[in-house]
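Structural description and commentary
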Amino acid sequence: MQALSPSPNLKSLIRSRPAVPNPHRLVVQCAYKFDYSSNFSGGVGLSRADWQSSCAILASKVVSQQQDTEKSGNADLTAVNGHKTLDLVPIENLPKPLTITDLSPAPMHGSTLRVAYQGVPGAYSEAAAGKAYPNCEAIPCDQFEVAFQAVELWIADRAVLPVENSLGGSIHRNYDLLLRHRLHIVGEVQLPVHHCLLALPGVRKEYLTRVISHPQALAQCEHTLTKLGLNVAREAVDDTAGAAEYVALNNLRDTAAIASARAADLYGLQVLADGIQDDSSNVTRFVMLAREPIIPRTDRPFKTSIVFAHDKGTSVLFKVLSAFAFRNISLTKIESRPHRNRPIRLVDDANVGTAKHFEYMFYVDFEASMAEVRAQNALAEVQEFTSFLRVLGSYPMDMTPWSPSGGD
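What you are looking at is a predicted structure, and each value in this text was computed from that prediction instead of being measured. (Residues numbered from 1 in each chain as written. Predicted model: local features only at pLDDT ≥ 70, side-chain atom pairs only at ≥ 80, totals over all residues. Heavy atoms only, no water.)

Quick notes on the overall build of the chain
- Helices and strands together make up the secondary structure of the chain, namely 12 helices and 19 strands.
- Classification of the 408 residues of the chain by burial places 47% in the buried group.
- Pairs at least 24 residues apart make up 79% of the contacts formed inside the chain by residues separated by at least 6 positions.
- When the accessible surface of the chain is totalled, it reaches about 20100 Å², and 53% of it is carbon and sulfur. (Helix = DSSP H or I, 4+ residues; strand = E, 2+ residues; numbered from the N terminus. Buried < 20%, exposed > 50% of the residue type's maximum accessible area, 1.4 Å probe, protein only. Contact = heavy atoms within 4.5 Å. Areas by Shrake-Rupley, 256 points an atom, 1.4 Å probe, with all protein chains shown as cover.)

Quick look at the structure:
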C-alpha cells in the first residue's frame, strides 16, 4: 500500500519545529485546515436515477490491489508515528497521544494495521480498537479530531471512536466530526464498560480526599461511590486512563482514579474496588472509520448510517420515517444535531410577525444493507423529501453475544 504525498498547498503548510533534545525524533506541525464550506458536498444526486446509479456503482465496486510501499528511508518519521508496543514500562516510555503538531505524511507501511483512538494507553477506546482489529498497532490521539485527521493523512489506517453509551447517550462531538470529515464507517463494535477504583499501592480508601475521572465515568459510578462511604471531591479530567496516569506520575496518595483494570496494570496502581459502575448494562458503541467504504453485502446482518436535512425544517421527518416503515426496515437510532451552516430559519407572517425555527441535521441508523433493493428504494424516496442526504457507511453489525460488563 503506497502512502499519498501531501498536495502542494498542504506541503507548504508543513514545517519543521526547532530541534528537540531527542535527535531521533522529528516533530512536524501541520497548519492544514479543512474547507468547511464543502460540508455538504458529495450527497446523493438530484434525481432518483442519479441515486440508483450511485448505488449500482457502490454495489459493483471491487477493491483494487494497492502497490507495495516505497521505502522512504526516513527513520525520523517512523520514530514520530511508530509505536512498537503499548505495554512498555516505566510510564515515561508509553506512547504519547498524537497532537495537532504531530500530523504529518504517513511513515512506511508495515504488515500491522494501524488504528487511531482517542486517549492514552489503558483507555476503553484502546480496548475497543483491539476488539475491532486484533493484533493491531494502536495509536493514541489526544483529541477526537486528531484521530480523524490521522486516518485522512495516512498516519493511521483506521480509527475507532465512540458514538454512544447506553447510560450517557450520544457523543455529539463525533457526530459533528462524521459530517465535517470524509471518512466512511466500515464497522461497529460494542464494548462493555467495567470501572475500577484505582490508587497507589498501600493507599486505603479512608485516606482519599478526591476521585478523578472522565465526567461520564464519574456519573456512572456516583451511587456506588456513595455506598462505599467515600466523602470525597469528584473532579473531571479528559479521560479515564489519563486520570490513572495522572495519579501515578504525580504520586498522589490522597487521590483515586476511576479507570479500567488494564490502566491499573500499565500505571502500577492497585484496585481498591472492582466493578463500581452503578449499572452492569453499561456498554459503549464504537464505529470503525476508513478512507474508503466497504462493499455492502447481503450474506450477514448489515447496518447503514445516513445524515439528511431539509430546507423546510422538521416537517418532513414523518415522511422520511414512513419510507423505512413502509419497507419494514427497522431504525436503531435517530439523532438530531444543529445545522451549523444555517442554525435558524426565519418565517415571516404578516399577522404575527417573524417566527424563528431551529434547523437540524438528522442522523439515522437502520438495519439493512445498501446492497438490498429495499434500502436503495427507501433512500431514493427519502431523497425526494430532503435537500441534503449522505450515506456515512453501510457495514456489518456487531453480533457478538451480550453479557454484562465484566473484567477486561
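Section: the nonpolar core
- Of all hydrophobic cores here, the largest spans 37 residues; its most connected members are Leu-197, Leu-198, Ala-244, Ile-258, Tyr-267 and Leu-269.
- Elements with a minimum of two residues in this core: strand S8 (196–199), strand S9 (210–213), helix H7 (215–220), helix H9 (240–249), strand S11 (255–259), helix H10 (261–267) and strand S12 (270–274).
- No other element matches H9, which puts 5 residues into this core.
- Leu-197 has contacts with Val-211, Leu-225, Leu-228, Leu-230, Ala-256, Ala-257, Ile-258, Gln-270, Val-271, Leu-272, Ala-273 and Ile-276, leaving out every residue within four places of it along the chain.
- Formed by 30 residues, the second largest nonpolar core is a distinct cluster that contains Val-146, Ile-155, Val-163 and Leu-179. (Core = buried A, V, L, I, M, F, W, Y, C linked by side-chain atoms within 4.5 Å.)

A closer look at the side chain of Asp-365
- For Asp-365, the location among the structural elements is in strand S18 (residues 360–366).
- If sequence neighbours within four positions are ignored, Asp-365 has contacts with Arg-285, Lys-303, Thr-304, Ser-305, Ser-330, Leu-331, Thr-332, Lys-333 and Tyr-395.

With respect to the sheet that holds S12
- In space, the 5 strands of this open sheet follow the order S10-S9-S11-S8-S12, with mixed pairing throughout. Bordering the open sheet on either side are strand S10 (233–236) and S12, each of which pairs with just one other strand. Recorded for the sheet is a direction-independent mean angle of 30 degrees between the axes of neighbouring strands.
- Bridge analysis of S8 against S12 gives 4 bridges, and the strand direction is antiparallel. (Pairing = 2+ DSSP bridges. Axes fitted to C-alpha atoms, helices over the stretch in contact; angles between N-to-C directions.)

Topic: the packing of aromatic side chains
- Evaluated as defined, the whole model comprises 3 aromatic pairs.
- Seen from their ring centres, Phe-308 and Phe-362 are 5.6 Å apart, and the 25 degrees between their planes marks the pair as stacked. A residue pair is termed long-range when its members are at least 10 positions apart, and Phe-308 in strand S14 (residues 302–309) and Phe-362 in strand S18 qualify at 54 residues.
- Residue class for Phe-362 comes out buried when judged on its relative accessible area of 9%.
- Pairing Phe-324 with Phe-366 gives two aromatic rings, centres 4.9 Å apart and planes at 40 degrees, and the pair type is tilted. (Phe/Tyr/Trp six-rings, centres within 6.5 Å; stacked < 30°, edge-to-face > 60°.)

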